[in-house]
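In case you want the letters, here they are:
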Amino acid sequence: MSDNRYDVIIIGTGAGGGTMAYHLAPTGKKILILERGDYVPREKANWDPQVVNVDAHYNTKESWLDKDGKDLHPHTNYYVGGNTKFYGAALFRLRKEDFGELRHHGGISPVWPISYDDLEPYYTQAENLYQVHGNRGEDPTEPPANSPYPWPAVSHEPRIQQLSDDFARSGLKPFHVPVGVMLDERNPTKSRCIRCNTCDGFACLVGAKSDAQVICVDEAIKYPNVTLLTNALVQRLDTDSGGREVRRVIVERKGQSETYTADIVVVSCGAINSAALLLRSANDKHPRGLANSSDIVGRHYMGHTNSVLMAISKCPNPTIFQKTLGVNDFYFGSDDFPYPMGHISFVGKLDAITLKAGAPAIAPNFTLELMAKHSLDFWLTSEDLPDPDNRVTIGRDGKIVLSYTPNNLEAHTRLQAKLKQAMKQTNCPIHGNECHQGVFGQGLFGRNFYVGQRIPLAGVAHQNGTIRFGHDPKTSALDVNCKAHELDNLYVVDGSFFPSSAAVNPALTIMANALRVGDHLKSRVGVSTESTTSSQEVALSR
């Protein structure tokens, strides 16, 4: 049993857990990382749209239930690196205003217990760690930053540059999306990233996307004090007799039950699975689940209101790496709608194979190949608001139940209308204002894009909010350091801690918060933050 004793156990290897492991690795403390999946196999299929988008080969095969008891097949995956293995690597800071109370058309987005200024240094660290490419000063809503991006923005390809220029002429302020890829456009022959069309939604076969496995986990396990166990599913957390500490982490691995112990346990399974783990770990001292005397755990689930809109253009769109352009002019509202609407950017370029999964009947004279060749593929995100009845629970059969009713939908409808209007104002040198035949939101586009205008419940890539942090144990499960109010050694560092969802990808905020909480844990175990950062920089520069 002594071999199973650690100083820190981290459960999960995604944006939160992977970043935490990297940050704590140089402390010399004995660290165990537990990952329920394995590494994504490196195979040609990583870049095959049929395998990835249509067959959903890399998705988990487990099923959950929705609020009506119907099977729900989540579009998520369990691998080293978590969902960052397949994310689009758009790495945004939340806006400064997102940390305060915001009045939406559908209700109130609550204040956070920390300010943007508290997180700003860690945003900078996370951007440097994940090699974010961007340009400060372009995005009209961007928060203040104390340093430039570590890498220049990924350039627009000609068709996207044309659209950016059109938007700018119409009075909008388009900007380059901050992206975490290992691209050196000034030295393409030595650039790790080859700027391909299989980034968003795909695992990177050449390891050039800044995901948590490549950036953090692989570097952390170079330290002799760090151990990674894959295919290790954590079933429950057991506490001491007083219910004040997690004493045992019960793991199923290779068909056997194993027990591990640690002074500190960090849960980072994603907002849905982290809540489920705490609920499954109920005992006499915690009958509602760990950290849940307030009945907060599992509640306030948020995942954004997301949709894909596809514009069919008379001009072709030969863009390869499309995810470079963003528009935030309507993030906090407009003159005719004084409420936040959200964020507009792009998804990876859609192809004929992906469209085949359910092509919209919008251009009858277009074949799938022609439609893909002429499409501009937008991703829209609006903030959904925390509702205690939108929640994660555990069914009688042990299945996860995800109950969710969409809210704040008028904001998203308005955002869609703003994009459609903006597309009508573009001025093509060949076709004038008539270049775009329309902007459509119908159709089934692979594993991430679905029938109808909104991404349905199964799309859980932006999950957050189920184990919110705060000052008051009656209204939050975690304190400001993301430690459970009711347990002395339990921390949660994925998107669970969010009190509100904002309207940009949560990944960078999860990463930055993991670094912030990591500094707290270093202090707790008596390790100097400066000394470990210095040793880490030396070790990883060799």
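Structure first, text after, so check above.
About the criteria used
- Residues numbered from 1 in each chain as written.
- Predicted model: local features only at pLDDT ≥ 70, side-chain atom pairs only at ≥ 80, totals over all residues.
- Heavy atoms only, no water.
- Helix = DSSP H or I, 4+ residues; strand = E, 2+ residues; numbered from the N terminus.
- Rg over C-alpha atoms; globule rule 2.2 N^0.38 Å.
- Areas by Shrake-Rupley, 256 points an atom, 1.4 Å probe, with all protein chains shown as cover.
- Salt bridge = Lys/Arg side-chain N within 4 Å of Asp/Glu carboxyl O.
- Buried < 20%, exposed > 50% of the residue type's maximum accessible area, 1.4 Å probe, protein only.
- Phe/Tyr/Trp six-rings, centres within 6.5 Å; stacked < 30°, edge-to-face > 60°.
- Lys NZ or Arg CZ within 6 Å of the ring centre and 35° of its normal.
- Expected span 1.5 Å × (residues − 1).

A. Just the overall build of the protein chain, in detail. Broken down by element type, the protein chain carries 11 helices and 21 strands. A compact globule built from 542 residues would reach a C-alpha radius of gyration of about 24 Å, and the protein chain, at 23 Å, matches this within 12%. Overall, the protein chain is about 75 × 55 × 45 Å in size when its C-alpha atoms are taken along their principal axes. Total accessible area on the protein chain stands at roughly 20700 Å², and carbon and sulfur atoms take up 50% of it.

B. Region of interest: the pattern of salt bridges. Enumeration over the complete set of coordinates arrives at 26 salt bridges. For Glu245, the salt bridge identified is with Arg247, shortest N-O distance 3.5 Å. Judged by relative accessible area, which is 39%, Arg247 ranks as partly exposed. A salt bridge links Lys418 to Asp336, with the nearest nitrogen and oxygen atoms 3.0 Å apart. Of the two residues, Lys418 sits in helix α9 (residues 409-424) while Asp336 sits in the loop between β15 (325-326) and β16 (343-346), which places them 82 residues apart along the sequence. Several salt bridges converge on common partners, so that one network encompasses Arg93, Glu120, Glu127 and Arg136.

C. Representation of the packing of aromatic side chains in the model. By the definition in use, this model includes 17 aromatic pairs. Considering the side-chain rings of Phe497 and Phe498, the 4.9 Å spacing of their centres and the 70 degrees angle between planes classify their relative orientation as edge-to-face. By the burial criterion, Phe497 is buried, and Phe498 matches it. Grouped by ring-pair contacts, the aromatic residues Phe99, Trp112, Tyr116, Tyr123, Phe469, Phe497 and Phe498 constitute a single cluster. One Lys or Arg, Lys30, reaches over the ring of Tyr6 and ends 4.7 Å from the middle of that ring. Lying across the ring of Tyr331, Arg95 places its NZ or CZ 5.9 Å from the centre.

D. Expanded view of helix α10 (residues 507-524). The end-to-end C-alpha distance of α10 is 25 Å, a good match for the 26 Å that 18 residues give at a rise of 1.5 Å each. Of all the 18 residues making up α10, 15 are buried; the element is thus mostly covered by neighbouring parts of the structure. Just downstream of α10 lies Gly526, where phi reads positive at about 80 degrees.

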